[in-house]
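# Results of the structural survey
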Amino acid sequence: MISTIPAMTHKSTDPATRLPAITICGVSELDDEARSGRHTHVVSIWGKDEGASASRLMAKLFPHASLHLAFFDDVSMEAPWGPSEQDIRMILAFGERLGPEDRLLVHCLAGVSRSSACAFSLACQCTDPGDEARVLALLRANRPFIMPNTLIVRYAAALLGRGRRLFESLSMYRSSV
């Protein structure tokens with residue numbers, strides 16, 4: 001089931017604290033999402049060896065969306081085929097342009113680990129420090145079976161200057177499921 005986290009604006013007047021509508025899905029759900037035509041931005045995460053065909057498919061499915069493609073496998077330890085700090089830096093740079101008027105789709109193979117970790121990281125980038133648990137609760141309310149990739153969250157925490165906040169909220173979330 002695909003769910004979208006509604007856009008929300010925080011109390012702060014700082015534009016960096018505004019959250020776009022976010023949808024997380026897996027590859028099997030991409031056709032429905034593309035037909036909806038509602039996404040302004042797409043973060044598309046594929047395995048390390050799926051480059052050319054994935055690029056063509058996503059350009060065809062989402063011709064009017066701003067698209068960021070990433071290629072890394074779902075591992076929670078540093079490995080040549082897993083996510084790198086540079087991969088997450090590029091995803092966060094893509095997300096710097098997002099505002100509450102945008103509709104973001106983040107997908108990976110199953111819509112469980114890599115995509116939810118990237119959605120969590122992007123949402124935290126748009127919100128105030130201290131909102132991490134709230135953001136994770138919103139993600140879970142809209143897609144109950146998420147299990148964000150810990151390596152991606154660790155990289156995002158460092159890049160966003162959130163210290164251990166992101167990782168601690170993820171640890172608390174994992175212990176509750």
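The sections below set out a description of the structure shown in this document. Owing to the predicted nature of the structure, the values given are computational and were not obtained by experimental measurement. (Residues numbered from 1 in each chain as written. Predicted model: local features only at pLDDT ≥ 70, side-chain atom pairs only at ≥ 80, totals over all residues. Heavy atoms only, no water.)

The next subject is the environment of Ser76. Along the polypeptide, Ser76 turns up in the loop between strand S6 (66-71) and helix H3 (85-95). When the C-alpha positions of Ser76 and Arg154 are compared, they lie 9.7 Å apart, and in sequence the two are 78 residues distant. Contact partners of Ser76, with chain neighbours within four places excluded, come to Asn149, Thr150 and Leu151. Side chain to side chain, Ser76 and Thr150 meet in a polar contact 3.5 Å long. (Helix = DSSP H or I, 4+ residues; strand = E, 2+ residues; numbered from the N terminus. Contact = heavy atoms within 4.5 Å. Polar contact = N/O pair within 3.5 Å; in protein donor to acceptor, adjacent residues only side chain to side chain.)

With that out of the way, let us pick up the pairing of strand S7 (residues 103-108). Two faces belong to every sheet, and in a regular strand the side chains alternate between them. Counting buried positions along S7 gives five out of six residues, so the element sits mostly inside the fold. By the bridge criterion, six bridges tie strand S4 (residues 21-26) to S7 in an arrangement that is parallel. Residue pairing across strands places Ile22 opposite Leu104, the latter belonging to S7. Summarising the sheet, strand S5 (residues 41-46) and S7 pair through four bridges and their orientation is parallel. Of the residues in S7, the one forming a bridge with Val42 is Leu105. (Buried < 20%, exposed > 50% of the residue type's maximum accessible area, 1.4 Å probe, protein only. Pairing = 2+ DSSP bridges.)

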